[in-house]
Amino acid sequence: MDQAQIKTVIFLLWNDRLSRTCALSVLVVSLFLTVSLSLLSGIIVLGTYVGGFFAFSTIFSYRSEAPNLLSLLIGKQRCNSSSSQHKQCHVCGDGKCNRHQPKSNSQQPWVDLDVPEELDEAIEDFLNKILDEFIYTWYRQLSADENFVLELRLSIRHAASALLRRGLQLDLAHVITNKLIPAGLSHLDDYLGSLRLSRKQHLPIDRAALQYLGPRLHPAARNRENELEYLRKLTSLLMPQLLPAHQLACRNYSTLVREILAGWVLLPLVDVLADPSIVNSLLLLLLERNTLTEYPNTSPSRVEFLARFVSVPVSRNSALRLDISGVLKDQELLYPFMQFLKGEGYVNVLQFCLDVEEFNRKMLVPELNSQDLDNLYKEAWDLYSVYFSPKSPDRIPFNSAVVQEMHTILQEPAENIVKLRTTPPLFQAYEYAFSQLENVLGPLFHQSDDYFTLLCGQRLPTGYSKSGSRSSKKWNEGGAVARLSSRLHKIKGVLRTQPVEGHTYDVTDVTDPGLDLGETDFAEDLPIEEATTYRDLSAWRVSIPSVETRQDINSKAVPVYIINVQRIDVRSEDDPESYHWVVERKYNDFYVLESKLTEFHGEFDIHLPPKRILFGPRGVEFMESKRLYFEDFLQRLLQKPNLRGSDLLYSFLRSPAEFVPASGGIAAVPEGLGRMIRRSVPLRLRKERGQHLDTFLSTFLTSTEGGRGNKNTKFEWKDVATDTPRRIRCLTKGIYGDNFGVPSNQLLFAISGTTVMNVPIQGIFDCILYLTVKVFGAPPTFVRLALAIRAMAHNTVNALCWFYLDRKLKKLLVAPRLAHLVRLLQGVIFSPKGNPPTAQDFAARAARTQTLLQGLLPHWLTRWAGSKYTEGIQTLFSAVQNPALNKQLVYILLDTLAVELYSDVVTGDRLPSTEK
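Everything numeric in this text was worked out from a predicted model, so none of it was measured.

Colleague: Mind showing me how you'd approach the state of the cysteines here?
Modeller: The term disulfide refers to a covalent linkage connecting the sulfur atoms of a pair of cysteines. Scanning the model with the defined rule gives zero disulfides in all. No disulfide involves Cys801; its sulfur sits 9.4 Å from that of Cys767, the nearest cysteine. The class for Cys801 is partly exposed, based on a relative accessible area of 23%.

Colleague: Just checking my understanding: could you explain the confidence of the model for the protein chain for this structure?
Modeller: Parts of the prediction with low pLDDT should not have their coordinates interpreted in detail. On average, residues of the protein chain score 75 in pLDDT, and 72% of them are at 70 or above. Under a pLDDT of 50 for its full length, residues 98-104 has, in the predicted model, 14 contacts with residues more than four places off or in other chains. Taken together, the stretch residues 464-533 has pLDDT below 50 and engages in 97 contacts with residues farther than four places along the chain or on a different chain.

Colleague: Looking at this structure, how should I read the nonpolar core?
Modeller: Counting 51 residues, the largest nonpolar core has Ile130, Leu131 and Leu152 as its most contacted members. Mapped by element, the contributors of at least two residues to this core are helix 7 (117-134), helix 8 (136-139), helix 9 (147-168), helix 12 (224-242), helix 14 (251-274), helix 37 (815-829) and helix 41 (883-901). Contact partners of Ile130, with chain neighbours within four places excluded, come to Ile135, Ile260, Val265 and Phe830. If you look at the next biggest cluster of nonpolar residues, it comprises 43 residues, including Val349, Val403, Leu420 and Phe434.

Colleague: How do you make sense of the pairing of strand 5 (residues 580-585) when you look at a structure like this?
Modeller: For a regular strand, side chains alternate in direction, first toward one face of the sheet and then toward the other. In strand 5, alternate side chains face the same way, and those of Trp581, Val583 and Arg585 are buried while those of His580, Val582 and Glu584 on the opposite face are not. Strand direction decides the pairing type here: strand 4 (residues 557-567) and strand 5, joined by six bridges, are antiparallel. Bridging across to strand 5, Val565 finds its partner in Trp581.

Colleague: Just checking my understanding: could you explain a nonpolar patch on the surface for this structure?
Modeller: Residues Trp14, Leu24, Leu27, Leu31, Leu46 and Val50 make up a contiguous nonpolar surface patch of roughly 530 Å² in combined accessible area. Taken together, the elements giving at least two residues each to the nonpolar patch come down to helix 2 (17-36) and helix 3 (39-59). The dominant element in the nonpolar patch, judged by the number of residues it contributes, is helix 2, at three residues. Looking at where Val50 falls in the secondary structure, it is placed in helix 3.

Colleague: Even after reading the chapter, I still don't get the packing of aromatic side chains, so can you show me in this structure?
Modeller: The geometry of an aromatic ring pair comes down to the distance between the two centres and the angle between the two planes. By the definition in use, this model includes 28 aromatic pairs. A centroid spacing of 6.1 Å and a plane angle of 90 degrees characterise the contact between Trp138 and Tyr139, whose relative ring orientation is edge-to-face. For Tyr139, a relative accessible area of 10% puts it in the buried group. A ring pair is formed by Tyr587 and Tyr591, whose centres lie 5.2 Å apart and whose planes are at 50 degrees; its orientation type is tilted. Placement of the pair is Tyr587 and Tyr591 together in helix 28 (residues 587-601), with a separation of four residues, close to one helical turn.

Colleague: I tried to follow the side chain of Thr177 on my own but got confused; where do I start?
Modeller: Considering the arrangement of structural elements, one finds Thr177 in helix 10 (residues 172-201). Exposure remark for Thr177: the relative accessible area of 4% places this residue in the buried category. One polar contact links the side chain of Thr177 to the main-chain carbonyl oxygen of Ala173, over a distance of 2.9 Å. A polar contact of 2.9 Å, which involves the side chain of Thr177, links it to the side chain of Asn178. Not counting residues up to four positions away in its chain, the partners in contact with Thr177 are Pro182, Gly763, Ile764 and Leu805.

Colleague: Even after reading the chapter, I still don't get the sheet that holds strand 4, so can you show me in this structure?
Modeller: Consider a sheet: its strands pair through backbone hydrogen bonds, and that pairing is either parallel or antiparallel. Ordered in space as 3-4-5, the three strands form an open sheet in which the pairing is antiparallel. With one partner strand each, in any of the chains shown, strand 3 (540-551) and strand 5 form the two edges of the open sheet. Direction aside, neighbouring strands of the sheet carry axes that sit 25 degrees apart on average. Where strand 3 meets strand 4, 10 bridges bridge the pair, whose relative direction is antiparallel. Paired with Ser543 across the bridge in strand 4 is Asn564. Contacts from helix 29 (residues 620-637) reach strand 3 and strand 4 within the one sheet, and its direction differs from that of strand 3 by about 160 degrees.

Colleague: How do you make sense of the environment of Gln635 when you look at a structure like this?
Modeller: Summarising the element assignment, Gln635 is placed in helix 29. In sequence terms Gln635 and Arg541 are 94 residues apart; their C-alpha atoms lie 7.2 Å from each other. Looking at Gln635, its side chain comes within polar contact range of the main-chain oxygen of Val542, at 3.1 Å.

What counts as what
- Residues take numbers from 1 onward in each chain, read along the sequence in its written order.
- Residue-level local features of this predicted model are given only where pLDDT is at least 70; pairs of side-chain atoms are given and counted only at 80 or more, and the full residue set underlies all totals for whole chains, interfaces and linings.
- Excluded from the side-chain calculations are hydrogens and water; all other atoms, namely the structure's heavy atoms, are used.
- Here, two cysteine sulfur atoms that lie within 2.5 Å of each other are counted as a disulfide.
- Burial classes: relative accessible area under 20% of the type maximum marks a residue as buried, over 50% as exposed, and values in between as partly exposed (1.4 Å probe, protein chains only).
- The pLDDT score gives, residue by residue, the confidence of the prediction method on a 0 to 100 scale.
- A contact between two residues is defined here by any heavy atoms of the two lying within 4.5 Å.
- We call a set of buried residues a nonpolar core when its members are Ala, Val, Leu, Ile, Met, Phe, Trp, Tyr or Cys and they connect through side-chain atoms within 4.5 Å of each other.
- Strands are runs of DSSP state E lasting at least two residues, helices are runs of H or I lasting at least four, and both sets are numbered from the N terminus onward.
- Pairing between two strands requires that DSSP report at least two bridges joining them.
- Residues enter patches when they are more than 30% accessible in relative terms and free of salt bridges; like-charged ones are connected within 9 Å and nonpolar ones (Val, Leu, Ile, Met, Phe, Trp, Tyr) within 5 Å.
- For the accessible areas, the method is Shrake-Rupley and the probe is 1.4 Å, while residue cover comes only from the protein chains on display.
- Salt bridges are identified by distance alone: a Lys or Arg side-chain nitrogen within 4 Å of an Asp or Glu carboxyl oxygen.
- Any pair of Phe, Tyr and Trp rings, taking the six-membered ring for Trp, is counted once the centres come within 6.5 Å. Such a pair is stacked with planes under 30 degrees apart, edge-to-face with planes over 60 apart, and tilted for the rest.
- Whenever two N or O atoms come within 3.5 Å, that pair is a polar contact, provided that in protein one can donate a hydrogen and the other can accept it, and provided that, for residues adjacent in sequence, both atoms are side-chain atoms.
- Angles here are taken between N-to-C directions and fall from 0 to 180 degrees, while the axes themselves are lines fitted to C-alpha atoms, restricted in helices to the stretch in contact.

Take a look at the structure:
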């Protein structure tokens, strides 16, 4: 130290009260020892103090903290050995393989991933419960075939295996001590600031937290809809790391997997973790000094991860699933299969099977001369050097005993090569390779784009459109399915299904180029509805102001009702024609409308006056007497919810044409079906070559209508939506309500004076120091002393805590206990039947937890700390009793864990938001 530094140290020492007091105390002790004992003793004490002071000052001038002293005893922190296993090539087993694809393990992440059987069974039960609750409940109503569910099982296994491999690479103790606990303390700091604001402005804690956090409020904590959308985006961000690319290419399939993971697994799991009663139960489990269950210290039996989960018996008698032996014998199928294996890095397995079959064919010749034996001997050595040798890049991981036995036979003379006929090594190796092709690579090939391209031809071009023109050349270049679709396109008008009453007819079907309407004489008679969007007839207002006389086709005077129709959901300046119009209807038209509506919808509580059956005067005076009844009838029909999309009522009030259908023939069928038949059957066929076709079609349609006794056999599309409403999941029930209840588009601003904790917290020592100062209100003297100790013991204390936690986790996270936790999680998520705890039970649990927290430290230390300790414990306990704030904490921890698991994909800047 130079002279300037010495002066600076002395100045700081003398101006600091604590340091000055210590220095004076040492000086007094030295003087006392000099007077009472000897001068030497006083000099030793004073010299030791001064020397130690300047020694430490010199040391810490080059580094701010002392090194980790624990590393001198136990060495550096051990790395997870699973990372090296993850980098090994599955084909040759070499971690430095440059030939094979490094992502070969990502195609089958469960390979070499063995877990305890008890844990595998618990995870399997949990996943089966998910399928039972969210897949089989609706899929069994559609089909009994298990192939779709098997594909879903394979996807779940792939995702779970990939996630487990990532988790095994994590140093869990390091993540907890250096990531999760500091993130929790950052949330605690926000809670303390919100608590001060709440006491100052007399606000509820959640409202004060909303003002304090401002834009730092987690997007998922705004409201429940935002929460679900955030989980969807987080799942979508991680799915490319969990599922193979060919499954993500199917939008419907990836959406189904995303909804299961986000809406039915992650969302209930977050609700469980943020529930204050669950938090109190976990604290009770930790604080109560109950002896944990001791499991026997035996090595559990291990199985391949979720192998039984995907071993569901499925019918293999499918034309789309080819036998591997048939593939190997068919050159047209063998080439695309080989290309698929080449892309996966497993073509050596197929080549080995082909080479062994060729070798066996030569070896099984009855009479072999010495030249033939020499050739077989050389070929056997080639097989060994290529597929068995540990140094070969095309090595297949056979059993070590098989490799050794094969090598022993090859060490013998060439004439003993015939031993391979009767000894098992070559046959066992062939069976292993063939089982890989049949049970692993074959199913992957059947799910690949190479296989579907072989069956169906190339995918349709991106710009393909049903309404656009197609080139016959491109269709001819496609596969069998494409050519079949080309033929079906010519007759698809006949195959089109009947539109149910109430469903708007699709304009694109009418303008389809597959139907040539130009050759028919009735093309101009097809009324095409311009509006295909959803219509709401309840927004129509009708009135019948008068009865007027019109001339029919026979020049006979016919009285008609004048019906004024006006819509309130459009403006007159935007669309005058759709805003107001007038239609004319006869007396019988109203009764036909009532009859047809009753036929489709059943009986109504709205009825017309009894119809006059006998011939009598139906002049203007008679119809005027019925005008108000008919007007009220129409107005009440428009108020019916199940008639808001009715085609019958729409045609009655909108179409200017005559409403009364013909009494028989094809004209008596519903309008949509009749239109389809008229479009499907050419006019020439109906008139020239099928004079009696109308009668046949009418009889055919009558046979499809079923019995006439039941008035409710017909239904409208709108009736289905009305009678069986869609079950919409309510997210705002329960203790969370709508989280903080902030709309998605509302901007949040933090109030002035709020500060974010900017002190870096590194490790357990800093966390303890923060709690001591911020929560328990330690005096400044203690803080300065703790900071001095931090410079010397910070790294060592953190290493000790990591070492202790790592050993505890390895002792606690054994297979039986993990299996028990998985079953508990299953029971909590799927809400088992039983009597739920009452509010009194929750209050008693919370009081018990708070009491145990108060007695966490020894009694003498609690008395020495005084009331500040009690207040600090109360503050810590109340920080986890608010459901909305717990949601904020859980999502902060979830983001931290996602970044640690997938740091190469998810970063702080790339975490999903809920902005539309």
